[in-house]
Amino acid sequence: MGLFKKKNQKQAAAAAAAEQAAAPPANVDFSQLKVQLKCAKNRLALQKNKYQSNADKTEREAAMCLSQSQDNIAQTKAEQAIRDLLVVESMEILSVQCDLLLARHTLFTGTPEPIEYDNILTPV
C-alpha cells in the first residue's frame, strides 16, 4: 500500500511543478522584457556580422593554404570556418525567436489592442 502512496505523491508533485512552470512569474516586468528583447536582437545582429566576416576571412586563408600545399593548416582553418558558420546559423535562429517573442508581447501583457466596432458595423 505504501508503494502506491509514494507514486501518487510523486505524480502530484510533478503536476504541481508543471502548473508552476506554465504560469508566468508574478514579478516579471513585461515592458522591460520588450526592451531587452530588442537589445538582444541588435546584439545578435552585431555578433552575427562579426562571426560571418571571420568565417569569410578564414575561408580565404584556407584557400591560400591549399594553394601553398599546406593541407593540415587548411583543414584546421576550414573546420574553424564551418564552426563560425554554425554559430551564425544559431544566432539567426535566436534572432527569429526574439522576433517571435516580440510579436507575442501583447499576449504576455494581457492587454490586447482595442477593437473599433464602429468601423466594423458601419455599412460600406
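Conventions used here
- Residues numbered from 1 in each chain as written.
- Predicted model: local features only at pLDDT ≥ 70, side-chain atom pairs only at ≥ 80, totals over all residues.
- Heavy atoms only, no water.
- Helix = DSSP H or I, 4+ residues; strand = E, 2+ residues; numbered from the N terminus.
- Buried < 20%, exposed > 50% of the residue type's maximum accessible area, 1.4 Å probe, protein only.
- Contact = heavy atoms within 4.5 Å.
- Areas by Shrake-Rupley, 256 points an atom, 1.4 Å probe, with all protein chains shown as cover.
- Expected span 1.5 Å × (residues − 1).
- Salt bridge = Lys/Arg side-chain N within 4 Å of Asp/Glu carboxyl O.
- pLDDT = per-residue confidence, 0-100.
- Core = buried A, V, L, I, M, F, W, Y, C linked by side-chain atoms within 4.5 Å.
- Axes fitted to C-alpha atoms, helices over the stretch in contact; angles between N-to-C directions.
- Parallel < 35°, antiparallel > 145°, perpendicular 65-115°, else oblique.
- Left-handed = near helix turned anticlockwise from the far one by under 90°.
- Nonpolar A, V, L, I, M, F, W, Y, C, P; charged D, E, K, R; others polar.

1. Regarding the overall build of the chain
(1) Moving on: Helices and strands together make up the secondary structure of the chain, namely five helices and zero strands.
(2) Moving on: Burial statistics for the chain: of 124 residues in total, 14% are counted as buried.
(3) Moving on: Expressed as a percentage of contacts within the chain between residues at least 6 apart in sequence, the contacts between residues at least 24 apart total 69%.
(4) Moving on: For the chain, the exposed area adds up to about 10,200 Å²; of that, 59% sits on carbon and sulfur atoms.

2. A short note on helix H3 (residues 71–103)
(1) Moving on: Counted at 1.5 Å a residue, the expected span for H3 with its 33 residues is 48 Å, and the 48 Å between its end C-alpha atoms agrees.
(2) Moving on: The complete set of buried residues in H3 reads Ala 74, Ala 81, Asp 84, Val 88, Met 91, Ser 95, Cys 98 and Leu 102.

3. Some points on the pattern of salt bridges
(1) Moving on: Taken as a whole and assessed by the stated rule, the structure comprises two salt bridges.
(2) Moving on: The closest approach of N and O atoms between Lys 41 and Asp 99, which form a salt bridge, is 3.0 Å. Residue Lys 41 is found in helix H2 (residues 30–67), and its partner Asp 99 is found in helix H3; the two are separated by 58 residues along the sequence.
(3) Moving on: The partner of Glu 61 in a salt bridge is Lys 77, with the nearest N and O atoms 3.1 Å apart. Within this pair, whereas Glu 61 is found in helix H2, its partner Lys 77 is found in helix H3, the two being separated by 16 residues in sequence.

4. Observations regarding the confidence of the model for the chain
(1) Moving on: Overall, the prediction assigns the chain a mean pLDDT of 81, with 67% of residues at 70 or greater.
(2) Moving on: Looking across the chain, the model is least confident in helix H1 (residues 2–22), with a mean pLDDT of 61, and most confident in H3, with 94.

5. Some remarks on the nonpolar core
(1) Moving on: Listed in full, the six residues of the largest apolar core are Leu 37, Ala 40, Leu 44, Met 91, Cys 98 and Leu 102.
(2) Moving on: Listing elements by their share of this core, those giving two or more residues are H2 and H3.
(3) Moving on: If sequence neighbours within four positions are ignored, Leu 37 has contacts with Cys 98, Leu 101 and Leu 102.

6. Some details on the packing of H2 against H3
(1) Moving on: Close contact between H2 and H3 brings their axes to 8 Å; oriented N to C, the two are set at 160°. The angle between the axes of H2 and H3 places the two elements in the roughly antiparallel class. Of the two possible hands of crossing, H2 and H3 adopt the one that is left-handed.
(2) Moving on: When its residues are assigned to classes, the contact of H2 with H3 shows 20 nonpolar, six polar and eleven charged.

7. What about H2?
(1) Moving on: Look at H2: 55 Å from first C-alpha to last across 38 residues, which is about the 56 Å you get at 1.5 Å a residue.
(2) Moving on: Phe 30, Leu 37, Ala 40, Leu 44, Ala 55, Thr 58, Ala 62 and Cys 65 are the residues of H2 that are buried.
(3) Moving on: Directly after H2, the chain includes Ser 69, whose backbone phi takes a positive value near 60°.

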